[in-house]
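Chain and residue survey
Residues per chain, in single letters:
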Amino acid sequence: MTNYLDFEKPLAEIEGKAEELRAMARANEEMDVESEAAALDKKAAELLKELYGKLTPWRKCQVARHPERPHCRDYIKTLFTEYTPLAGDRNFADDHAVMGGLARFNDTPVMVIGHEKGHDTKSRILHNFGMARPEGYRKAVRLMDLADRFGLPLITLVDTAGAYPGKGAEERGQSEAIARSTEKCLQIGVPLISVIIGEGGSGGAVAFATADRVAMLEHSIYSVISPEGCASILWKDSEKMREAAEALRLTAQDLEKLGVTDRIIREPMGGAHRDRASTIDAVGAAIASMLAELDGRSPKKLIKDRRKKFLDLGSKGLAA
Amino acid sequence: MNWITNYVRPRINSIFSRRDTPENLWSKCDGCGTMLFHRELKENLNVCTSCGHHMAISPRDRFTALFDGGIFNEIAVPEPLDDPLKFRDQKKYPDRMKAARATTGEKEAMLVAEGEMGRTPIVAAAQDFSFMGGSMGMYVGNAIIAAAERAVDLKRPLILFSAAGGARMQEGILSLMQMPRTTVAVQMLKEAGLPYIVVLTHPTTGGVTASYAMLGDVQIAEPNALICFAGPRVIEQTLGEKLPDGFQRAEYLLDHGMLDRVTPRTELRDELITVTRMLLGLPPAVAGDLPAPGDTDMASPEKAAKQPSDAPRE
């Protein structure tokens, strides 16, 4: 563990001390520190439980953006076989913020599309921090179309701060590209499963998450605007992001009450980044179970139900 | 001192401010600063008679100018939940709504109506930027769905005038969900084979642009309208550089292939009639002012309209 979030500082101290003790013991074999270190471990585990048992919405945003959280490529690598990336929008470029292609999920051929943020400086720049340009959405539309024509279920993994706000992106029709991607999601006659694995940022997320089933990881978020953006507009102070995060109701738990998300996938104690393998497995199990729910439905019914699902959204508030 | 600051000064100020704009008979053009007489400005659909700058126009005034004889029937919009998130920033959401209702005299940020435009039956929807920035919340979503459903029922085209800062943050994720919801509405029209024409007016940004406002069969914008996904300020902050002149304005988008046309408001009605009638396979409309619908004795547009289209066949 190298990356601690600001609210994890007390935890970092305890875990650091335990690590230090063990390092000392390794250097000097006569020292017996195990009981002391174990006590520290226990204390750390308790603190972790306490911190993560009641994460505020803003802390959830921080966890959702954690750099060590498993990203799209990690899920694809583990959960899919024969992944064959398909590239390009046939128009302008290949956008690396969006990855996708043919793959097998439990041996069944599927199409998988997701936002990839990157894991180190070089790859983050390559993937533009997961912020797609119009080409990314147009590539997605192309892959969705392909999935539709060949009857392949579509799985989307959402993890983006939002669509890229750039000069070229605007000139090439960012809004039109997003609108077309959402439109395509509502047109395809194959099962469409979406999992929000980190950040579900505004229109850039909707373009992939207009799905039959939307699942969210326990500490992921999905919002119309970032808390910082909302704070700077409504509070005229971007430092009010904690209040904004609270008001926006962007946590998986609130979104389940509102009917926007269909299921919450539990994360290991301390967040997905503390046990990446078990997180990825849990997401795999959720995808399998959601696909099973939709099994055998005709293309017509899938489209009809999907549209109805979105038309009916908003009929219940948080109190309901 | 107190007497002067608390009593005398406000009185003096109020006298002077009253004298500045006597009963708002004059308004100043935001573009060139010319003082424009209210009646003249209204007749010109809030387009400056001096520089052609397009100022905001309320949905009601727009519909009055759009529909024959200014006659239209409002279409009822299903009421959404009030304040579903119990949202509170510096003000409570219901208080912001109350204020917006008081200043605009409208219930919400979109008006939907049916009527005839150049004797062409249509459904129209117009977004009201003066109502909380025209923001798209559940009501606007419901309005667009109601408009589409009505258009499908009556087999009429839908003409939509967009104007919005984007999604309504106070409705959080539920405002975002209007992107797929309104997209379903557009699909209803497309599947029914009905034209869906979008007129983008100043400004149309954010989630509105990234859903129903960019999915029209024909995309027309008013001159100099700001149309974008991310606003220029956000982009300047991200890039740290100045953006070119006219960036994200209607003409710039036209140049970049994102629009079909940029049309001044004063010519818009005629153009909408022309385009709609062609898409519906109807004969050309009769030029000139038409009487109000119902006054069929005063003119016979069918006959007049048939002549030019029949002529070549004979």
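Computed from a predicted structure; not experimentally measured.

Calculation rules
Going along each chain's sequence as written, the residues are numbered from 1 onward. Here the convention is simple: chains get letters from A, ligands get numbers from 1, in the order in which they are written. The predicted nature of this model means local features are confined to residues of pLDDT at least 70 and side-chain atom pairs, given and counted, to a pLDDT of 80 or more, with totals for whole chains, interfaces and linings taken over all residues. Side-chain descriptors were evaluated using all non-hydrogen atoms of the structure, hydrogens and water having been removed beforehand. In this description, a line fitted to the C-alpha atoms serves as the axis of each element, helices being fitted only across the stretch in contact, and the angle between N-to-C directions of two axes falls anywhere from 0 to 180 degrees. Per the convention used, a helix needs a DSSP run of H or I reaching at least four residues, while a strand needs a run of E reaching at least two, with both numbered from the N terminus. Any angle from 65 to 115 degrees is called roughly perpendicular, while one under 35 is roughly parallel, one over 145 is roughly antiparallel, and all others are oblique. Every residue pair with non-hydrogen atoms within 4.5 Å of one another is taken to be in contact. Each residue receives one of three labels: charged for Asp, Glu, Lys and Arg, nonpolar for Ala, Val, Leu, Ile, Met, Phe, Trp, Tyr, Cys and Pro, and polar for the others, Gly being one of them. UniProt positions are given in the numbering used here, feature names are shortened, and annotations may be inferred rather than shown by experiment. What makes a nonpolar core is a set of buried Ala, Val, Leu, Ile, Met, Phe, Trp, Tyr and Cys residues whose side-chain atoms join them at distances within 4.5 Å. Remark: exposure states derive from per-residue accessible area (1.4 Å probe, protein chains only) relative to the maximum for the residue type, with buried under 20%, exposed over 50%, and partly exposed in between. The domain limits used here are those given by an automatic or database domain assignment. When two components associate, each loses some accessible surface as probed by a 1.4 Å sphere; the sum of these losses over both components is called the buried area. One speaks of a salt bridge when a side-chain nitrogen belonging to Lys or Arg is within 4 Å of a carboxyl oxygen belonging to Asp or Glu.

**Examining the packing of helix 3 (residues 57–64) of chain A against helix 11 (residues 241–248) of chain A**
Residue and element names in this part refer to chain A. Relative orientation of the contacting elements helix 3 and helix 11 amounts to 95 degrees, with a least axis distance of 7 Å. As far as their axial angle goes, helix 11 and helix 3 are roughly perpendicular. Facing helix 3, whose interface residues are Pro 57, Trp 58 and Cys 61, helix 11 presents Met 241, Arg 242, Ala 245 and Glu 246. Here the contact of helix 3 with helix 11 is composed, by residue class, of 5 nonpolar, no polar and 2 charged.

**Some thoughts on the UniProt feature "zinc finger region: C4-type" (unreviewed entry) in chain B**
The residues that UniProt annotates with the feature "zinc finger region: C4-type" (unreviewed entry) are residues 29–51 of chain B. Strand forms 13% of residues 29–51 of chain B and helix 26%; the C-alpha atoms that close the span are 9 Å apart.

**Overview of the nonpolar core**
Of all hydrophobic cores here, the largest spans 110 residues; its most connected members are Tyr222(A) and Tyr212(B). In terms of residue count, the dominant contributor to this core is helix 5 (residues 138–154) of chain B (9 residues). Tyr222(A) has contacts with Ile196(A), Gly200(A), Ala205(A), Val206(A), Ala209(A), Met216(A), Leu250(A), Leu255(A), Val260(A), Ile173(B), Leu176(B) and Met177(B), leaving out every residue within four places of it along the chain. Core analysis: the second largest hydrophobic core is formed by 26 residues, Tyr75(A), Leu79(A), Val283(A) and Leu291(A) among them.

**Examining the UniProt feature "coiled-coil region" (unreviewed entry) in chain A**
Within this structure's numbering, the places UniProt gives as "coiled-coil region" (unreviewed entry) are residues 11–50 of chain A. Helix makes up 85% of residues 11–50 of chain A and strand makes up 0%, while its end C-alpha atoms are separated by 11 Å.

**What about the domain arrangement of chain A?**
Residues and elements named next belong to chain A. Here chain A is described as being made up of domain 1 (1–23 + 34–54) and domain 2 (61–311). Once you take the C-alpha centre of each, domain 1 and domain 2 turn out to be 32 Å apart. Counting from both sides, the interface comprises 13 residues of domain 1 and, opposite them, 11 residues of domain 2. When domain 1 packs against domain 2, the two sides together hide about 1,100 Å² of surface, and 58% of this comes from carbon and sulfur. For the pair domain 1 and domain 2, the interface holds 1 salt bridge.

**Description of unusual backbone geometry**
Cis geometry marks the peptide bond from His202(B) to Pro203(B), where omega comes out at -20 degrees. Along the chain, Pro203(B) falls in strand 7 (residues 196–205). Phi at Asp107(A) is positive, roughly 75 degrees, even though this residue is not glycine. Along the polypeptide, Asp107(A) turns up in the loop between strand 2 (98–105) and strand 3 (108–115). Even without glycine at this site, Gln248(B) takes up a positive phi of about 65 degrees. Counting through the fold element by element, Gln248(B) comes out in the loop between helix 8 (232–239) and helix 9 (250–255).

**With respect to the pattern of salt bridges**
Summed over all chains, the structure comprises 44 salt bridges over all chains. Residues Arg307(A) and Glu191(B) are paired through a salt bridge, measuring 3.0 Å at the closest nitrogen-oxygen approach. Residue Arg307(A) is found in helix 14 (residues 299–312), and its partner Glu191(B) is found in helix 7 (residues 178–191); the two belong to separate chains. Here Glu191(B) falls in the exposed class, since its relative accessible area comes to 58%. Here Glu114(B) and Arg150(B) are joined by a salt bridge, their closest N and O atoms 2.6 Å apart. Of this pair, Glu114(B) sits in strand 4 (residues 110–117) while Arg150(B) sits in helix 5; the two residues are 36 residues apart in sequence, bridging distant segments of the chain. Of the residues examined, Glu114(B) reaches a relative accessible area of 13% and is grouped as buried. Residues participating in the shared-partner salt-bridge network are Arg65(A), Lys117(A), Asp159(A), Glu199(A) and Glu228(A).

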